[in-house]
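Chains, contacts and geometry: an overview
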Protein chains: 2
Amino acid sequence: MPLTPLHQEFVLHFGEMGSRWGINRTVGQIYALLFISSEPLNAETITDALGISRSNTSMGLKELQGWNLVRLKHLPGDRRDYFTTPDDLWEIVRTLVAERKKREIDPTLTKLRELELQGPAGDDYAEARIAELREMIEMMTGFYAEMERLETERLVKLMTLGGRIAGLIDKATGLFPTLTKRN
Amino acid sequence: MPLTPLHQEFVLHFGEMGSRWGINRTVGQIYALLFISSEPLNAETITDALGISRSNTSMGLKELQGWNLVRLKHLPGDRRDYFTTPDDLWEIVRTLVAERKKREIDPTLTKLRELELQGPAGDDYAEARIAELREMIEMMTGFYAEMERLETERLVKLMTLGGRIAGLIDKATGLFPTLTKRN
DNA sequence: CTTACATTTCAGAAATTTCTGAAATTACTG
DNA sequence: CAGTAATTTCAGAAATTTCTGAAATGTAAG
């Protein structure tokens, strides 16, 4: 069956956006379609809805499974595979962030440490920059690990604290607002 | 002149990673090279160091300028353009995050609002999911705006608070640790 | 204004990625 | 265990992206 205009627009948008991410258009479209579908869909349905080949659907679904972004379901009396996205949006976001970190950040951290271990190469500037970059990434991944540990409820609270965050930080660190200029 | 092994490895790594981001290999390499170079480089130097065509360098630099990731400098008595990355790593990160938000998040937020404005389309589930997604993105961008407003010093403090964050949130929101299970 | 250099543009070539249809594989059913 | 349905694999086709060399444009100095 053809998509409703709403589905159509939503799916096409995520197809386009997909390319700005690391994923391709089709994968973006499949995910978008699953995301707004109330029921699990099988590969055949997706293929028809998006007007792509059956094998392309298969590859796209496999990629999404590699990202841990889809759930496989089975309906009684039907041996086809059905796919859904988690109901809980927070779960989706957590997965997305975790996977992007794994693919985009972790390999770089590994490489930087490796370069540092290779010892002094006689270029102080480059070595200092690499060390600085590694330290920053370590700080950020450390913070990320904290956030990941927080249950959703607290995470929401933190994100909606609004302007009170600065004061909180100052109190927590026993320091009063500094007079330094911004940034 | 050829790159030192350290530069070589660093540059190649960021070339590879570039593709996992939205940027292409060459752009990643150019940026990496500028990043670990203590002095500003001109297009000719970059071209030679990376073994690419002069026009490719030009395009890569233009793209990096579009991302606000490089600074243009001029040396007295030399009319070529010289390029650098900011000394302050935090500034680089801020720019990167801001640009990615602009390209990856904002257009989606706009599209979701647009879809909602088009009014009920008779698919309650899809409409609810779109609304939910929009709300989540709004919350996250709101939080991001807070973070962006913080001067670096406070940001570092926040990121290095470690395990004390949960308690802080609870205190700030006047609630004690809940008994709900994680996530 | 002319010359000399520097940079950008752009059409086509090269490389890479994505997509398809056919064949192979897997796995359920009777 | 034979037959059928579902899925995956994969080689080549199609599409897209990236890169190059040549030409065009810009720019500063004499």
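See the structure above.
Quick caveat, the model's predicted, so the values are computed rather than measured.

Thoughts on the protein's contact with DNA strand D
As a matter of local geometry, DNA strand D sits amid 16 residues, with Lys62 and Asp81 of chain A together with Thr26, Ser53 and Ser55 of chain B nearest to it. Backbone sugar and phosphate groups make up 68% of those atoms of DNA strand D lying within 4 Å of the protein. Between lysine 62 of chain A and DNA strand D, the recorded distance is 2.8 Å, taken from a side-chain N or O atom to a phosphate oxygen. At 3.3 Å, a side-chain N or O of arginine 79 of chain A approaches a sugar or linking oxygen of DNA strand D. Mapped onto the surface near DNA strand D, the elements with two or more residues apiece are α4 (54-66) of chain A together with α4 (54-66) of chain B. Sort the elements by how many residues they give to the surface near DNA strand D and α4 of chain A lands first, with five residues. Considering only residue class, the surface near DNA strand D consists of three nonpolar, seven polar and six charged.

Focus on the interface of chain A and chain B
In this complex, chain A contributes 78 residues to the contact, which on the side of chain B involves 78 residues. Taken together, the two surfaces of chain A and chain B that pack against each other cover about 7,100 Å², and 66% of this comes from carbon and sulfur. Summed over the shared surface of chain A and chain B, the result is six salt bridges. In this structure, the connection of chain A to chain B is made through 23 residue pairs in polar contact (both at pLDDT 80 or more). At the level of secondary structure, the elements contributing two or more residues to the side of chain A that touches chain B comprise α1 (5-20), α2 (25-36), α5 (89-117), α6 (124-149), α7 (152-159) and α8 (165-172) of chain A. Here the residues of the side of chain A that touches chain B are counted per class, giving 37 nonpolar, 16 polar and 25 charged.

Examining the sheet that holds strand β1 (residues 41-42) of chain A
One open sheet accounts for three strands, arranged β1-β3-β2 (chain A); its pairing is antiparallel. This sheet does not close on itself; its edge strands, each paired only once, are β1 and β2 (71-73) of chain A.

With respect to the relation of the copies chain A and chain B
Rotating chain A by 180 degrees about the axis while translating it 0.0 Å along that axis superimposes it on chain B, leaving an RMSD of 0.0 Å. Within this description, the copies of the chain are treated as partners about a two-fold rotation axis. Taken as a fraction of all interface residues of chain A, those also at the interface in chain B reach 100%, which identifies the copy contact as same-surface.

Side note on the pattern of salt bridges
Tallied over the entire structure, the rule returns 33 salt bridges over all chains. Of the charged contacts, one joins aspartate 106 of chain B and lysine 101 of chain B as a salt bridge, the two residues approaching to 3.0 Å between their closest N and O atoms. On the accessibility criterion, lysine 101 of chain B (23% relative accessible area) is partly exposed. Beyond isolated ion pairs, a larger network of salt bridges with shared partners links Arg113, Glu116, Arg134, Glu135 and Glu138 of chain A.

Points about α1 of chain A
With 16 residues, α1 of chain A should reach 22 Å at 1.5 Å per residue; the first-to-last C-alpha distance of 23 Å fits that figure. Among the residues making up α1 of chain A, those that are buried are Leu6, His7, Phe10, Val11, His13, Gly15, Met17 and Gly18 of chain A. Tucked into the core, α1 of chain A has its buried residues touching α2 and α3 (43-50) of chain A together with α5 (89-117) and α6 (124-149) of chain B.

Reading the values: rules and limits
- Throughout, a residue's number is its position along its own chain's written sequence, starting from 1.
- Numbering of ligands from 1 and lettering of chains from A proceed in the order in which they are written.
- Given that this is a predicted model, residues contribute local features only at a pLDDT of at least 70 and side-chain atom pairs are listed and counted only at 80 or more, while totals for whole chains, interfaces and linings are drawn from all residues.
- Neither water nor hydrogens contribute to the side-chain values; these are computed over all heavy atoms in the structure.
- Note on terminology: near, applied to a residue and a molecule or strand, indicates that one of the residue's heavy atoms is within 4 Å of it.
- Here a polar contact means two N or O atoms within 3.5 Å. Within protein one must be a hydrogen donor candidate and the other an acceptor candidate, and residues neighboring in sequence count only if both atoms are side-chain atoms.
- The helix count covers DSSP runs of H or I at least four residues long, the strand count covers runs of E at least two residues long, and both are numbered beginning at the N terminus.
- Basically, the charged four are Asp, Glu, Lys and Arg, the nonpolar ten are Ala, Val, Leu, Ile, Met, Phe, Trp, Tyr, Cys and Pro, and anything else, Gly included, counts as polar.
- The criterion used for residue contact is that any of the two residues' heavy atoms lie within 4.5 Å.
- Note on terms: buried area is the combined drop in 1.4 Å-probe accessible area of two parts once they are placed together, counting the loss on both.
- We define a salt bridge as a contact between a side-chain nitrogen of Lys or Arg and a carboxyl oxygen of Asp or Glu at a distance within 4 Å.
- Strands are treated as partners if at least two bridges between them are detected by DSSP.
- Superposition of the copies used a least-squares fit over C-alpha atoms from residues whose pLDDT is at least 70 in both.
- Categorising residues by exposure relies on relative accessible area from a 1.4 Å probe, with only protein chains included: less than 20% of the type maximum marks a residue as buried, more than 50% marks it as exposed, and the intermediate range marks it as partly exposed.
- Multiply 1.5 Å by the residue count of a helix minus one, and that product is the helix's expected span.

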